[in-house]
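Each chain is listed here by its residues.
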Amino acid sequence: MACIVTGMSIGHALLGLLESGPRHGYDLKRAFDEKFGHDRPLHYGQVYSTMSRLLKNGLVEVDGVEAGDGPDRKRYAITDAGITDVARWLATPEKPEPYLQSTLYTKVVLALMTGRDASDLLDTQRAEHLRLMRILTDRKRRGDLADQLVCDHALFHLEADLRWLELTAARLDGLTKEVRG
Amino acid sequence: MMPAGPLLAADSLHKAYGPTPALDGADFSIHGGEVVAVMGPSGSGKSTLLHCLAGIVTPDSGTITYAGRELSAMNDTERSALRRSDFGFVFQFGQLVPELTCVENVALPLRLNGAGRRDAERTALAWMERLEVDDLGGKRPGEVSGGQGQRVAVARSLVTNPKVLFADEPTGALDSLNGERVMQLLTDAARSAGAAVVLVTHEARVAAYSDREIVVRDGRSRDMERVV
Amino acid sequence: MSSRLAHPDKDITTDGQGTGPGAGQGTGPAGGRAGKGTTWLQDLLMGVRFAVAGGREGWIRTALTALGVGLGVALLLATTAIPAAIDARDQRDRDRSVGEVAERKGPDAVLVKEENTQFRDLGITGRLLQAEGRDAPVPPGLTRLPGPGEIMVSPELAALLDTPEGRELLAPRFPYERVGTISEAGLIGPKELAFYAGTDAFTGGEDFVTRVTSFGDTYPSEPWDDPVLLLLVVVMFVVLLTPVAIFVATAVRFGGERRDRRLAALRLVGADAAGTRRIAAGEAAAGALLGVLAGFAFFLAVRQLADDFTVVIETRFFPSDFAVDPALALLVTLAVPCAAVLVTLFAMRGVVVEPLGVVRASKTAKRRLWWRLVLPLAGLGLLYPMIGQGEDDGEFSEWQVTGGVVLLLVGVTALLPWLVAFTVARLGGGPVSWQLAVRRLQMSSSAAARPVNGIAVAVAGAIALQTFFVSVQGDYQKDTGMDPSRAQLQVMVPRQTEASRIPGITKTISEAKGVTRVTALGDTEALADNDPEGYFSVTVGDCAALALVAKLDTCSEGDLFLLRMDHEAEEYTPEGEVKPGQKVLLNPDGSAYEPPVESVRWTVPEDAETAEARRDPTGLLRDGIIATPSALPGLVSGSYRYSAYVTLDPAVPDAREYARNAVAQADPLLYPVRLEEYRVVGRFQSVTKGLLIGSVAVMLLIGASLFVSQMEQLRERRKLLAALVAFGTRRRTLCASVLWQTAVPIALGITLATATGLALGAVLLGMVDRSVRFDWTAVGIMAGTGAGVVMVVTALSLPSLWRMMRPEGLRTE
């Protein structure tokens, strides 16, 4: 299985983790691995480079530096711009594509951790999925057999996403307890 | 595509069966010719919403307006008459009368509206042709496949040229291929007849045949078009 | 948590393996033994357990079966107890009738005069007793003989005498002191009006008085010696019991569909096909056994009410008269559950219970007509040779009659399914409700025909017997030849009464309220002296009295007429026409009278006129001589036997009762007789009445089973009904459809039954050699009752139909 949190979303994940309070870089890595890393932990270098980018963009600030060398001595805190960025990210549906669960999962967990309404997120995502599915369905209706087969493939994958979403929505209560507890 | 006002609209519907609320302030609207999917987990109240909209069940509170008429103010006889003349229905199963032949089943709504047997069955056969089941006319529902039976049911729901077609999990008992086929024929037929479709389903692939969807959760509805 | 998310398929796998129905726990033992197979007993017992402990559904089903079977069994016991009950009544009647008589006075004799009377339309059985010695026999039901001036009455008569009407209209007839009641042993039935009164007015040897030395008819009884009555009773049994059997068979199938589904669940956990059949059999047997017990309970409960409601017979039955034959009870107890098992196995013949559901043999064998015709034709074949044999008290072969009638009636049940299938297959057109009903019947015509079969047999039988009855009732409703328009009461006067008292007696009677006229005629005999065989009658009375027996133009005291009789009349004899101047001997047998009188020689006057005879109010056509008293030589008292003819004022209510009271007061030895045009033989009437009541009861019974199957069908179709309502079906359409569904098979059943009944009636009449006359009223009553049952069943089904039609039926997912 590919690393489940990639690219831009690592930054959002780390930002989200900071929402609950300032942390050291090392703490951040540990928290990330625990919640999202699963079988593939984050390299410390990834944390360092991501935090540098976030600092540069003004989404985080350095809250304090402890004695000693190295970047791991820095304590980071989220800025107001950072909080807005997380909110925007959570509210923006992901482009429907296969193996999206990782991102969606991250979003759901973060939403719950930060006390946001996860079912809104799911509904929004479903609407986005359905938008694409309508287009595919429409194409399928006009197209030939090959088009139909291709579209069906995509449709079934999208449906699987949505099913997972529905199931997650149904399990939100349990998840909330686990994530917050 | 959207005419001035909605054809059928509901405002803050409440309905409880015993102590458990099935609808808890649900809204809904649909325009003529529109296909709207009603989605949501089972037990969320989507079937109850459909029953209220169709005048089968009267809500405890809230208003339902159909073509400028207050549905909740009508008595049972008036609502029955409205269902016969303006609405069509497709359910998941158990809707075809097992003793009647397929063509008689399709003709049934026309006959209930007072049409003669011969005329009714001629019209019925035309609709069955459209849904590609005209060769089943003389068979009884027990002798045809699930997909065929459901297409017969769709033909029956459209035979009176309804303004609104209510479909409650119309493909729920069918496999993918038959489900797709039924949905395709249903939406094609409804669109060409100009009928609005209220489509209750929990399947995304089925909902993808709609123009937009409404999500019902814990008895409350959410119009996703306004959200996005 | 994370591991669950990472390997989501783990759960699914276990889920897939564990797909077991929740019912699994309860049926573990069956599954566990599947390898070896279960024993017969285990399967049967499991079925029994389902019957009594199958939750609410199973319990309701068992209760319905038990109720149905119970009603059937109770009816069966009641019907079969009737002959015994009638025998018991007959036996008591025989026990109290006169046994041995004696010529001479003795210490062991009692003088008995039958003193039967009537109160309005109620018959009262009574006797006037006078003991001649200490050893006089006591009739059953009494502890001692009533002394002079004492009376012992039945409880019912006691009650009647205590009513205001009884006191005014009846009590004056009994100027006695009430000293006791007659016990059960002395009464035919609990409602019998009876009395024994004591007197000292008898001398012995009077007319109407018998000297009795013992009570109790010692001749062996032949209660059903009339072949026509016997035939009637045999047919009645068949008619009433066949539907009961059919009903029991139907009741055993109650709830069959649900049972089939449960059996399918058992198959899923490993019961084999034969095992499921045994389980079903055990379940049916348990229901039937409970039904038998319920039946005995119903029967005993109803028996207690026997004296209240057996209106068929006026005097009613004592509850103890309905004795259950132990052999029959044993037979019922064993046979009904066995039959239940057989019916169940037979019903499951076309059903294959698979683990995942029930498969019905989709195409039932095409109904063939020929073998269905064999039964009724065989029945007719058995009956036909007996046509004409019933006359002259010819003997019927009981078995042949029973067999023929049973085959004919059971033939109806074989023909009906075919007829229903044949007819509904050809029905069409009409409104939606009609279409729904007809199509339903086409799909399952045998289910529709089954309950109706019971009605058909009852109706066919009832119509047959009713047809039979109207044609033979002439025999039983005898034309008495009386003419109640001229006189309504004849009062017979014993010969021993002093002739001089006659005017006093007539005067006393004529003074009673409502009496318009009393005339008295005296009769005796004479013999032409040239012909030892030439007896003729001599009648004496005033002119008004003579006008009762002859057409007289003029008449005055001292006249005498020779009667001229129509030669075509049945009574005509040449000796009866007396010539003027004929020498005759009056009272030729006077020496044999009690007390003896002398014969008197006399010559008929030469100038005697003739007059044409007419029937007197009792229907008697006299011959010989009629004369005013002074035209005949004075004969001693005791020569004439007098009768007074009483004419009543129809405007006075209860005039007859006042007259009877006056008669009793004038002289207790007088014997009043009511004059009426017709008299119906009581037993015959009760048989037909009983049959009518029985068939109505059977119809109600069948109605009950129709209702149950209707309810079952509605429950099965809950979802469909809700869907139909959703797309705007009117309630009345569905109601009408339910109505048609019941009405069509019943209409067909009654039509076929009427045809069969009329045919059977015609054959039965042929057997007793009577011309056929159909009783359309009975046909009307039966058709009407059938229609009533349809309406009632439909009406009772409507509340459930209403409930099923609520949109909640749609919410099942």
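Parameters at a glance
- Residues numbered from 1 in each chain as written.
- Chains lettered and ligands numbered in written order.
- Predicted model: local features only at pLDDT ≥ 70, side-chain atom pairs only at ≥ 80, totals over all residues.
- Heavy atoms only, no water.
- Helix = DSSP H or I, 4+ residues; strand = E, 2+ residues; numbered from the N terminus.
- Buried < 20%, exposed > 50% of the residue type's maximum accessible area, 1.4 Å probe, protein only.
- Contact = heavy atoms within 4.5 Å.
- Areas by Shrake-Rupley, 256 points an atom, 1.4 Å probe, with all protein chains shown as cover.
- Pairing = 2+ DSSP bridges.
- Axes fitted to C-alpha atoms, helices over the stretch in contact; angles between N-to-C directions.
- Expected span 1.5 Å × (residues − 1).
- Core = buried A, V, L, I, M, F, W, Y, C linked by side-chain atoms within 4.5 Å.
- Lys, Arg positive; Asp, Glu negative; His and termini not counted.
- Salt bridge = Lys/Arg side-chain N within 4 Å of Asp/Glu carboxyl O.
- Parallel < 35°, antiparallel > 145°, perpendicular 65-115°, else oblique.
- Left-handed = near helix turned anticlockwise from the far one by under 90°.
- Nonpolar A, V, L, I, M, F, W, Y, C, P; charged D, E, K, R; others polar.

A. The arrangement of the overall build of chain B in detail. When helices and strands are counted, chain B shows eight helices and ten strands. Per-residue burial over chain B gives 59% buried out of 228 residues. For chain B, restricting intrachain contacts to residue pairs at least 6 apart in sequence, the fraction spanning at least 24 positions comes to 70%. In the structure as shown, chain B presents an accessible area of about 8,300 Å², 49% of it carried by carbon and sulfur atoms.

B. Structural detail: the overall build of chain C. Per the secondary structure count, chain C includes 23 helices and 23 strands. Among the 813 residues that make up chain C, the fraction classed as buried is 50%. Pairs at least 24 residues apart make up 81% of the contacts formed inside chain C by residues separated by at least 6 positions. Put simply, chain C shows about 37,100 Å² of open surface, and 58% of that area lies on carbon and sulfur atoms.

C. Spatial organisation of the sheet that holds strand β5 (residues 69-70) of chain B. Residues and elements named next belong to chain B. Ordered by their spatial adjacency, four strands build an open sheet running β2-β1-β4-β5, and the pairing between neighbours is antiparallel. Single-partner strands in this sheet number two, and they are β2 (20-30) and β5. By the bridge criterion, two bridges tie strand β4 (residues 61-66) to β5 in an arrangement that is antiparallel. Bridging across to β5, T65 finds its partner in E70. Taken strand by strand, helix α1 (residues 46-53) contacts β1 (8-17), β2 and β4, and its axis lies near 60 degrees from that of β2.

D. Examining helix α22 (residues 731-767) of chain C more closely. All names here are of chain C. Taking 1.5 Å of rise per residue, the 37 residues of α22 would be expected to cover 54 Å, and the 53 Å separating its terminal C-alpha atoms lies within 8% of that figure. Most of α22 is tucked away, with 27 of its 37 residues classed as buried. Positive backbone phi, at 65 degrees, marks D769, one or two positions downstream of α22.

E. Focus on the nonpolar core. All names here are of chain C. Ranked by internal contacts, the top residues of the largest apolar core, which has 60 residues, are L383, L409, I455, I746 and L760. Looking at this core, the elements with two or more residues in it are α8 (227-252), α14 (398-426), α15 (432-443), α16 (445-476), α20 (682-716), α22 and α23 (776-804). Of all the elements, α16 adds the most residues to this core, at 14 residues. Beyond its immediate chain neighbours, meaning those up to four positions away, L409 contacts V238, V239, V457, A460, G461 and L760.

F. Representation of the side chain of R656 of chain C within the structure. Residue and element names in this part refer to chain C. Mapping R656 onto the fold places it in helix α19 (residues 655-666). Although R656 is buried, it makes no salt bridge; E657 carries the closest opposite charge, 5.3 Å away. Contact partners of R656, with chain neighbours within four places excluded, come to Q488, L489, L648 and R674.

G. Just the sheet that holds strand β9 (residues 212-217) of chain B, in detail. Residue and element names in this part refer to chain B. The six strands are arranged β6-β7-β8-β3-β9-β10 in an open sheet whose pairing can be described as mixed. In this open sheet, the two edge strands, each paired with only one partner strand, are β6 (87-90) and β10 (220-223). Averaged over all neighbouring strand pairs, the angle between strand axes comes to 20 degrees, with direction disregarded. With five bridges connecting them, strand β7 (residues 164-168) and strand β8 (residues 196-200) associate as parallel partners. In the strand pairing of β8, A167 is matched with L199.

H. Spatial organisation of the packing of α22 of chain C against α23 of chain C. All names here are of chain C. Remark: α22 packs on α23, axes separated minimally by 9 Å, with the N-to-C direction vectors making an angle of 155 degrees. When the interaxial angle is binned, α22 and α23 end up roughly antiparallel. By crossing handedness, the relation of α22 to α23 is classed as right-handed. Taken together, the residues that form the contact of α22 with α23 break down as 19 nonpolar, five polar and one charged.

I. Highlighting unusual backbone geometry. Residue and element names in this part refer to chain B. One non-glycine residue, A67, lies in the positive phi region at around 50 degrees. Mapped onto the secondary structure, A67 falls in the loop between β4 and β5. Phi angles above zero are rare outside glycine, and D218 is one such case at about 50 degrees. Mapping D218 onto the fold places it in the loop between β9 and β10.

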